Amino acid sequence: MDFINRNISDNWPTIYRLGCLSLGGLIAFSIAFKGTAIYSLSEVGLLIAVATVCYKMRKFVQLPDKVVLFAFAIFAVGLIISAISHGEEKIIIETLDYFTRIMVAFFVMYVGVRWFFKSDVFYKAVTVGALVSAVACLMAYICEPGFMSGRRFAPWGNNPNVTVQLLAMNIPFLLLALYKLKSSKLWCLLNAFSFAVIMTGIWMTGSRGGMTGLIAGALLMVTLYWISFKNQWDFRKKIAVSIIMLCLVSFLSMVITANIYSRANSDKARLDILTIASYMFIENPVNGVGFGNFKSAIPNYVHYVGKDKVPQAWVHSHNDLFQWLSTTGGVGAGGYIVFSFIIWWYLLKNIFARKSQWTLWAMMWVTMSLYCHGLVDENIYQRQIAKMYFSLLGLAMAINDREIQDCDKFSCEEKV
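Described in the following lines is the structure provided in the data block.

**Quick word on the nonpolar core**
Membership of the largest hydrophobic core comes to 116 residues, with the highest contact counts inside it found for Phe75, Phe116, Phe122, Trp324, Tyr389 and Phe390. The element contributing the most residues to this core is helix H5 (residues 89–116), with 14 residues. Every residue in contact with Tyr389, bar those within four places of it in the chain, is listed here: Met169, Ile343, Met363, Val366, Thr367, Leu370 and Ile380. Judged by nonpolar contacts, the second largest core, of 12 residues, contains Ala297, Ile298, Tyr301 and Val302.

Structure follows, in structure tokens:
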């Protein structure tokens, strides 16, 4: 048991068990395809445990690095200013609802990990969460409603692109758990089963962007691993080369996928939607058409692409940046861009500084997957995807910060 946990477990064993159990449930059902009720119960249990420990120890909760807090603040300020400037209650409520959800997902996970993390519970929770997703996929496969037209896998009312992204974000952490639990045949078998089912589900979605993002993330990991061991390079050179490789990998993967797996009608529709999003921003450069208003605003812009009515499937811009630009304008999108750069910088900096912090590598893979997919389709604007992403981000950052704290006080022989 690490130094952070020992005092809590020795003095308040019941609270410690509640915190560990709740954190395990939160981790598992952050990545699980189903189980919202269990996620919510785990969240409440973890908050109770954290509040009790803080009260008894007379300490405040441990928060992320100041630069991360600054990133969230800039993101929040941009969205809120954009929403208030419209003066519409609906836009303000939707904006606050979205940002509150991602903030809660991130900070509850972060604070819980800082107080109650145990590495074996973490890896087993990831295994359980992935297993729930795998079983849910099998159940959906058996039921015909699990498919949409064209035989693309899209269970529970999700479209294939949401499905593929939710499943893809399981893979990096699932592989990490498979490696860390390799000494146990049972846990390895469960992880291998989940991996096979989830990868099959990803393939059956037929989502080019989702599959390309997952592959691009793997390629970037190989590249970063090579860069990290270039000891003769200084930190700035490593960051610069990493950014160049990130852009190159994402560009090439998108171009190759679009040409090899082209879908004429779908590709034309996405270009039309992107054109509409561009005009939304051009006509509303400061605050956009309003958070959550993309679909309702489309009828005012379809004439730019020569249409009289809006196809039912046109609900978002199919591009992460243009979604923010069109709906929140330069103010909201600017906050999101600053936030994104800071998160990328944090992940790269800590990966290069601490090569064996494997949760950060997994999180970078998840981030790359979402980034590439967001170039052509689903993005962090989608609430279910956002909740999973920010939960995993809070998890990875908290594990990293715990280890840094331990290394500052004690030897750094043990690595998570």
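**Points about the side chain of Asn191**
Take Asn191: it is sitting in helix H9 (residues 185–205). Here Asn191 is in contact with Thr127, Leu174, Ala177, Leu178 and Leu181, once residues within four sequence places are set aside.

**Here's the deal with a nonpolar patch on the surface**
A contiguous nonpolar patch, built from Val135, Leu138, Met139, Tyr141, Ile142 and Phe193 and spanning about 590 Å² of accessible area, is present on the exposed surface. Inspection of the secondary structure assignment puts Tyr141 in helix H6 (residues 119–142).

**Some details on the pattern of salt bridges**
Following the criterion strictly, the structure yields five salt bridges and no others. The partner of Lys90 in a salt bridge is Glu94, with the nearest N and O atoms 3.4 Å apart. On the criterion of helical spacing, the pair formed by Lys90 and Glu94 is a turn pair, its members being four residues apart in helix H5. For Glu94, a relative accessible area of 24% translates into the label partly exposed. A salt bridge links Arg101 to Asp97; its shortest N-O distance comes to 3.0 Å. In this pair, Arg101 and Asp97 both sit in helix H5, four residues apart, roughly one turn of the helix. Through salt bridges with shared partners, a single network forms among Asp97, Arg101 and Arg383.

**What about the packing of H6 against H9?**
Put simply, H6 and H9 touch, their axes get as near as 8 Å, and they point 45° apart. Classed by the angle they form, the pair H6 and H9 counts as oblique. The chirality of how H6 crosses H9 is left-handed. On H9, the residues touching Lys124, Thr127, Val128, Ala130, Leu131, Ser133, Ala134, Cys137, Leu138 and Tyr141 of H6 are Trp187, Leu190, Asn191, Phe193, Ser194, Val197, Ile198 and Met204. Residues of the contact of H6 with H9, tallied by class, amount to 13 nonpolar, four polar and one charged.

**Examining the side chain of Asn293**
Residue position: Asn293 is located in the loop between helix H12 (264–283) and helix H13 (294–297). Under the relative-accessibility criterion, Asn293 is labelled buried at 9%. From its side chain, Asn293 meets the backbone oxygen of Val289 in a polar contact 3.2 Å long.

**Some remarks on the environment of Asp272**
Position of Asp272 among the secondary structure elements: in helix H12. Residues Asp272 and Val302, 30 residues apart in the sequence, show an inter-C-alpha distance of 8.6 Å. When sequence neighbours within four positions are dropped, the list of residues in contact with Asp272 reads Val305, Lys307 and Trp314.

**Some thoughts on the environment of Ala28**
Mapping Ala28 onto the fold places it in helix H2 (residues 13–31). Through-space distance from the C-alpha of Ala28 to that of Ala130 is 7.5 Å; in sequence the pair is 102 residues apart. When near neighbours in sequence (up to four residues on either side) are disregarded, Ala28 contacts Ala125, Val128 and Gly129.

**A closer look at the environment of Leu46**
Following the sequence through the fold, Leu46 ends up in helix H3 (residues 36–57). Relative accessible area serves as the criterion here: at 0%, Leu46 is assigned to the buried category. Residues Leu46 and Met109, 63 residues apart in the sequence, show an inter-C-alpha distance of 8.7 Å. Not counting chain neighbours up to four residues away, the residues in contact with Leu46 comprise Gly19, Ser22, Leu23, Leu26, Val108, Gly112 and Phe116.

**A short note on the packing of H3 against H5**
In the contact formed by H3 and H5, the axes pass within 10 Å of each other and the chain directions differ by 50°. Here H5 runs oblique to H3, going by the angle between their axes. For H3 against H5, the interelement crossing comes out left-handed. Contacts from Tyr39, Glu43, Leu46, Leu47, Ala49, Val50, Val53, Cys54 and Met57 in H3 reach Val104, Ala105, Val108, Val111, Gly112, Trp115 and Phe116 in H5.

Cut-offs and rules
Residues numbered from 1 in each chain as written. Predicted model: local features only at pLDDT ≥ 70, side-chain atom pairs only at ≥ 80, totals over all residues. Heavy atoms only, no water. Core = buried A, V, L, I, M, F, W, Y, C linked by side-chain atoms within 4.5 Å. Buried < 20%, exposed > 50% of the residue type's maximum accessible area, 1.4 Å probe, protein only. Helix = DSSP H or I, 4+ residues; strand = E, 2+ residues; numbered from the N terminus. Contact = heavy atoms within 4.5 Å. Patch = residues over 30% accessible without salt bridge, like charges linked within 9 Å, V, L, I, M, F, W, Y side chains within 5 Å. Areas by Shrake-Rupley, 256 points an atom, 1.4 Å probe, with all protein chains shown as cover. Salt bridge = Lys/Arg side-chain N within 4 Å of Asp/Glu carboxyl O. Axes fitted to C-alpha atoms, helices over the stretch in contact; angles between N-to-C directions. Parallel < 35°, antiparallel > 145°, perpendicular 65-115°, else oblique. Left-handed = near helix turned anticlockwise from the far one by under 90°. Nonpolar A, V, L, I, M, F, W, Y, C, P; charged D, E, K, R; others polar. Polar contact = N/O pair within 3.5 Å; in protein donor to acceptor, adjacent residues only side chain to side chain.

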